Each structure stands twice: as C-alpha cells, then as structure tokens.
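Geometric and topological summary
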Amino acid sequence: MTSTEPLLRVAGVTHRLGPTGAPPVLHDIDLAVDAAELVALAGRSGSGKSTLCHLIAGLGRPTSGAVRVLGRPADEVASWATVALLPQRLALVEELSVRENVILPAGLHASTGPARSERRELCDLLLDTLNLTHLGARLASQTSLGEQQRTALARALVLQPRLAVLDEPTGHQDDENVDRVLAAILLARAGGTAIVVASHDERVLEAANRVVPLRDGRLVPAG
Ligand SMILES: Nc1ncnc2c1ncn2[C@@H]1O[C@H](COP(=O)(O)OP(=O)(O)OP(=O)(O)O)[C@@H](O)[C@H]1O
C-alpha cells in the first residue's frame, strides 16, 4: 500500500446479482475511507447498501471494478481484526452464550489484533456499553432480536478492527438502545477503527462525518 492509499478504496464498482443478464444492482461506485472515519451509506430500501457492505467486507468480488482494503482485494482479507462485518442476518452461533459469541473472533484470529487480556477487557467494555453484561451467560438463542443484534455488533468490534462494516446496526433497537449502539460505534472510532455503516436512522446519519447517499445502485452526486 502506498502512503496515499486510503484504508478502503472502492473503485469503479459495478455489481450484478441474480440471473445472467440481470441489470446491475451497483453502478460505477467510487468511495474512499480513511482510518477512524465514520461514513454512512444512506438510501431507500433496495438502493444497494447491503450489497456494497458485503463487497467491502469481502463476501464476494465485484463483477467489475475493485474493492481494496489496506491495498489488498477485500475478498482476500481473511482476518476479522482487519475487516469485521455486522450483517443484517446476524449469524450468531445459537448454541453459544452471548459472551462466547462476542469473544468468538478472538479464538478464530488468535495471532492478530489486541493481546488476549486487552480482548477480554474490550469484550467486557462492549458488553457493558451495549447493556448486555447481565445476559453474558445466556444462550444467544434465548435473547431478544435487539439483544442479538447488539451481541453481533460487539462481536464485530471486539478485535478493534481497522474497518467495521455495519449493516443497519439500529434496525432492531428502541431509542435508548440506539444511544448504546452509537456509544459502541463512537468508542470503536475513538480507538482508530474506521466505520462504514448502512442506515436509514437519522441519529446514525447525524453521527457520521460523511453521508454517502445511494439511489438505485448509484452514488447521488453531492449538491
Ligand atoms: N440475491 C439477489 N439476487 C438478485 N437481486 C438481489 C439479490 N439480493 C438483493 N437483490 C437486489 O439488489 C438490490 C439492492 O439490494 P440491497 O439489499 O443491497 O439493498 P439495501 O439498500 O440494502 O436495501 P434494505 O435497506 O432493504 O436492506 C435490490 O433491488 C434487491 O432486490
């Protein structure tokens, strides 16, 4: 990576989903994000926010164009300490407790990210910030959808990733818990994590240092 290369660069990305010949769901997207930025992807349902989140998190490679994180193709970045995702479908391990789910990435990526004691401290801080401490020992499957979403958010942030991609992190939260989710996001940002967040939520958009609007899979030009 050159010194001028941003943490995340999305360059000329066009992406197709579904049957061959279907129109693209993303058209010629360019986006650069630097360390500790908080960038919100805004737009109506179906505008392409989740698809862009998935490509940034490396869940696939764009049909054309490139997504690069730290100068490497995003789909080759295997470590959650580099890029972590909060997906809309939360993908918690139901047989594990809330705390075990949050700390899970630490076991999977033992050699990267913060030291073990720091991870435990950060796990506890995230559980506290997200009002999950009292649920730490409970099976994830025996918690509410909002609690599960906050658990998945803590899991995404526990390794202090260089980049966290958060898809609708307040989608299942009431007002009080929106505050908690924002507090966790700002805590991660203060630790140097860059955040890309897809959201309809005005409070999330207000907290962002940049809002990137999408319409029908295209970036809406500023002004
Ligand atoms: N597997 C798929 N096959 C074909 N088209 C898809 C598929 N998944 C999503 N799409 C289409 O791609 C477009 C973008 O969807 P996407 O989920 O990225 O939008 P979004 O902005 O995240 O929406 P929401 O706010 O409802 O989550 C939509 O038109 C959607 O119907």
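To keep things clear, this report deals only with the structure shown in the data block. (Residues numbered from 1 in each chain as written. Predicted model: local features only at pLDDT ≥ 70, side-chain atom pairs only at ≥ 80, totals over all residues. Heavy atoms only, no water.)

Sheet topology note: the strand E1 (residues 8-15)/strand E2 (residues 26-33) ladder contains five bridges and is antiparallel. From the neighbouring strand, Leu8 faces E2, where its bridge partner is Val33. (Pairing = 2+ DSSP bridges. Helix = DSSP H or I, 4+ residues; strand = E, 2+ residues; numbered from the N terminus.)

Before going further, it helps to spend a moment on the environment of Arg189. Within the secondary structure, Arg189 sits in helix H5 (residues 175-190). Taking the C-alpha atoms as reference points, Arg189 and Ala164, separated by 25 residues in sequence, lie 9.4 Å from one another. If we ignore the near neighbours within four places in the chain, the residues touching Arg189 are Ala36, Glu37, Leu38, Ala207 and Asn209. (Contact = heavy atoms within 4.5 Å.)

Turning our eyes to something else, we now look at the nonpolar core. Ranked by internal contacts, the top residues of the largest apolar core, which has 39 residues, are Leu153, Leu166 and Ile195. Top contributing element to this core by residue count: H5, with six residues. Residue contacts for Leu166: discarding those within four places in its chain leaves Leu86, Leu153, Ala156, Ile185, Ile195, Val196, Val197 and Ala198. If you look at the next biggest cluster of nonpolar residues, it comprises 28 residues, including Leu7, Leu26, Ile56 and Ala198. (Core = buried A, V, L, I, M, F, W, Y, C linked by side-chain atoms within 4.5 Å. Buried < 20%, exposed > 50% of the residue type's maximum accessible area, 1.4 Å probe, protein only.)

Turning to the site of the ligand, a few remarks are in order. Not every one of the 14 residues close to the ligand is listed here, only the nearest: Ser45, Gly46, Lys49, Ser50 and Thr51. Side-chain polar atom of Thr51 to an oxygen atom of the ligand: 2.6 Å apart, as the coordinates give it. Relative to its free-state accessible area of 640 Å², the ligand is covered by the protein chains to the extent of 58%. Per-class residue counts for the shell around the ligand are two nonpolar, nine polar and three charged. (Near = heavy atom within 4 Å. Polar contact = N/O pair within 3.5 Å; in protein donor to acceptor, adjacent residues only side chain to side chain. Areas by Shrake-Rupley, 256 points an atom, 1.4 Å probe, with all protein chains shown as cover. Nonpolar A, V, L, I, M, F, W, Y, C, P; charged D, E, K, R; others polar.)

Attention now moves to the pattern of salt bridges. The tally for this structure, following the rule as stated, stands at eight salt bridges. Here Asp75 ties to Arg61 by a salt bridge, and the two come within 3.0 Å at their closest N and O atoms. Here Arg61 lies in the loop between helix H1 (49-56) and strand E4 (64-69) and Asp75 lies in the loop between strand E5 (72-73) and strand E6 (83-86), a separation of 14 residues in the sequence. Of the residues examined, Asp75 reaches a relative accessible area of 33% and is grouped as partly exposed. Note that Arg180 is salt-bridged to Glu176, the shortest N-O span being 3.1 Å. Linking Arg180 with Glu176, this pair stays in helix H5, spanning four residues, or about one helical turn. (Salt bridge = Lys/Arg side-chain N within 4 Å of Asp/Glu carboxyl O.)

It is worth spelling out the pairing of strand E7 (residues 163-167) at this point. The element E7 is extensively covered by neighbouring structure, given that five of its five residues are classed as buried. Residues Leu163, Val165 and Asp167 point to one face of E7 and Ala164 and Leu166 to the other, with burial holding for every one of them. In the sheet, E6 pairs with E7 via four bridges, with the strands oriented parallel. Its bridge partner being in E7, Leu85 is matched across the sheet by Val165. Pairing of E7 with strand E8 (residues 194-198), which is carried by five bridges, proceeds in the parallel orientation. Its bridge partner lying in E8, Leu163 is registered against Ala194. Each parallel crossover has a hand, and the one from E7 via H5 to E8 is right-handed. (Right-handed = clockwise from strand over helix to strand, strands pointing away.)

With respect to the helices, strands and loops of the structure, Arg155 is situated in helix H4 (residues 145-157). Despite being buried, Arg155 has no salt bridge partner; Glu94 is the closest side chain of opposite charge, sitting 11 Å away. In contact with Arg155, not counting residues within four places along its chain, are Trp80, Pro87, Leu90, Ala91, Leu92, Asn101, Val102 and Pro105. (Lys, Arg positive; Asp, Glu negative; His and termini not counted.)

Keep in mind these numbers describe shape, not what the thing actually does.
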